Number of protein chains: 2
Amino acid sequence: MLVRPQLGQNIGAAARAMLNFGFTDLRLVQPRDGWPNADAGPSAAGADAVIESARVYDSLGDAIADCHLTIGTAMTMRTHVCRVTSPAGAVAEMQALPSRSALVFGPERTGLTRDDLLACHALCTIPSNPDFGSLNLAQAVAVLGYAWVVGHAAPAASAMVNHDGPAAGAELAGLIAALEARLTETGWYNPAPGLAEASRRMLVNVFTRPGFTGAEVQFLRGVVRNLAGRPGGKPG
Amino acid sequence: MLVRPQLGQNIGAAARAMLNFGFTDLRLVQPRDGWPNADAGPSAAGADAVIESARVYDSLGDAIADCHLTIGTAMTMRTHVCRVTSPAGAVAEMQALPSRSALVFGPERTGLTRDDLLACHALCTIPSNPDFGSLNLAQAVAVLGYAWVVGHAAPAASAMVNHDGPAAGAELAGLIAALEARLTETGWYNPAPGLAEASRRMLVNVFTRPGFTGAEVQFLRGVVRNLAGRPGGKPG
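Basis of the calculations
- Residues numbered from 1 in each chain as written.
- Chains lettered and ligands numbered in written order.
- Predicted model: local features only at pLDDT ≥ 70, side-chain atom pairs only at ≥ 80, totals over all residues.
- Heavy atoms only, no water.
- Pairing = 2+ DSSP bridges.
- Helix = DSSP H or I, 4+ residues; strand = E, 2+ residues; numbered from the N terminus.
- Phe/Tyr/Trp six-rings, centres within 6.5 Å; stacked < 30°, edge-to-face > 60°.
- Buried < 20%, exposed > 50% of the residue type's maximum accessible area, 1.4 Å probe, protein only.
- Axes fitted to C-alpha atoms, helices over the stretch in contact; angles between N-to-C directions.
- Contact = heavy atoms within 4.5 Å.
- Buried area = accessible area lost by both parts, 1.4 Å probe.
- Salt bridge = Lys/Arg side-chain N within 4 Å of Asp/Glu carboxyl O.
- Polar contact = N/O pair within 3.5 Å; in protein donor to acceptor, adjacent residues only side chain to side chain.
- Nonpolar A, V, L, I, M, F, W, Y, C, P; charged D, E, K, R; others polar.

Peer 1: What exactly am I supposed to notice about the sheet that holds strand β1 (residues 2-3) of chain A here?
Peer 2: Residues and elements named next belong to chain A. Strand order in the open sheet formed by three strands is β1-β2-β3, and the pairing between neighbours is parallel. The open sheet has two edge strands with one neighbour each: β1 and β3 (55-57). One ladder, built from two bridges, connects β1 with strand β2 (residues 27-29); its direction is parallel. Residue V3 lies in a different strand from β2, and its bridge partner there is V29.

Peer 1: What am I meant to see in the packing of aromatic side chains here?
Peer 2: Centre distance and the angle of the planes are the two values used to describe a pair of aromatic rings. Evaluated as defined, the whole model comprises five aromatic pairs over all chains. Summarising the aromatic geometry, the rings of F23(A) and W148(A) are spaced 5.4 Å apart at their centres and angled 80 degrees between planes, so their arrangement reads as edge-to-face. Placement of the pair is F23(A) in the loop between α1 (8-20) and β2 and W148(A) in helix α7 (residues 137-150), with a sequence separation of 125 residues. By relative accessible area, F23(A) is classed as partly exposed at 28%. On the basis of relative accessible area, W148(A) is assigned to the partly exposed category, the value being 26%. Residues F207(B) and F212(B) carry aromatic rings whose centres are separated by 6.5 Å and whose planes lie at 50 degrees to one another, so their mutual orientation is tilted. Residue F207(B) shares its accessibility class with F212(B), and that shared class is buried.

Peer 1: So what exactly am I meant to see when it comes to the sheet that holds strand β8 (residues 158-161) of chain A here?
Peer 2: Strands belonging to one sheet form pairs held by backbone hydrogen bonds; the direction of such a pair is parallel or antiparallel. If you trace the five strands from one edge of the open sheet to the other, you get β8(A)-β5(B)-β7(B)-β4(B)-β6(B), paired in mixed fashion. The open sheet has two edge strands with one neighbour each: β8 of chain A together with β6 (101-104) of chain B. With direction set aside, neighbouring strand axes in the sheet form an average angle of 30 degrees. Relative to β6(B), strand β4 (residues 69-73) of chain B runs parallel, the two sharing four bridges. In the sheet register, L69(B) faces β6(B), and the bridge partner there is S101(B).

Peer 1: Got a minute to help me understand the interface of chain B and chain A in this structure?
Peer 2: One frequent convention defines the size of an interface as the accessible area lost when the parts assemble. With 53 residues of chain B in contact, the opposing surface of chain A contributes 53 residues. Between chain B and chain A the total buried area reaches about 4300 Å² when both faces are included, carbon and sulfur atoms providing 66% of it. There are two salt bridges connecting chain B and chain A. Among the ionic pairs, E216(A) bridges to R209(B), the shortest N-O distance being 2.7 Å. In this structure, the connection of chain B to chain A is made through four residue pairs in polar contact (both at pLDDT 80 or more). Every element with two or more residues in the side of chain B that touches chain A is listed here: β5 (82-85), β8 (158-161), α8 (169-186), α9 (193-208) and α10 (214-227) of chain B. The class makeup of the residues in the side of chain B that touches chain A is 28 nonpolar, 19 polar and six charged. Sheet topology places strand β5 (residues 82-85) of chain A next to β8(B); four bridges connect them, and they run antiparallel. Directly across from T85(A), in β8(B), lies its bridge partner S158(B).

Printed below as a string of structure tokens:
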């Protein structure tokens, strides 16, 4: 999925690269110039079905609501604790998962923001020249598409056992919203704008990064409800 | 560290294997026949310093209190969600961490229990004959020692960025104890013995597996305190 893409021709070129490697589910979050975009068709070069079936979302959260593993593409971040993988590593994780996963690409000029990446379980960095590392959007899509097809080359260094896979984005967002609501009630969560923002980021990060399963997210919602002294939590 | 080791000669042989690969910090949790054990010396075959400096603990929690990454050795578990790695993978994680980590070996006959493994961040399985997979305790120690020395062979599939490393065992235990105390107060945590036990296991698992940093554990303690409507949490 493409977050805040700027140029229609890049969206078209990305759609073409997707179809080159067998992908058709293109999702656009807040495309700068609206959608549909007449510039996308020509550079799609025949990948019209991908362009025509593209869906538009108001937020990254909405776009990943049904995705169970979300990996953002970016250069290495230094602002929060995050797991960084390679294209081969990202692809191996996604191929190991029976449920839907998402690869997220940021806007051409700036890439994904810190908040975008906080919503991702991990970050994928394409190895490139450290002095000239920024790839064209559609070329980055092509690299990941190629990695997908090559796939399964490197065995994972570790694997999760007895794992349904991470919860869907919407389930996780529900847990985080419940936590935020309760912490706003108690007054802790919103003491001052700057502090509250740092708290919010840490909250999103510590509950997103682990890749909790759906059952675990439900369990944690029960924990939150009951920490607040409210009955009705499902006893585990 | 050896949890509930049975035979003194195995403890001695494990100490020898440790020193063979340069390790000296032997920790024993509830050794069956007490400590010191006269049978350990002979099989240590010269690794007397390891035997003499061995420390004894009442519980695995006490033994790992100052360790930031704890990996248990076991055959694959099917009772909870856990991360499984190889000797090379386990060693790579430990060598990447500047702080103290622990390799945990179970009793000869039964191996580590489910509760022992819940206290571990990950599980290490030694590749072996599926029809005859149980290794002698000291030989398992030797395999991991060898893997340590060979080390750094396989690049990790993904790595954590901006990571102080996981919190010490004692910090994590404090968070889990605070959660348990509050959930016992509300009555949710202890509705019936069987249910409470399943809840406790899931609580330990969801807060142990992610490898939260010390700062994150402190943050989560603030969240717990404030969800309960108690002031004094450090605003983040």
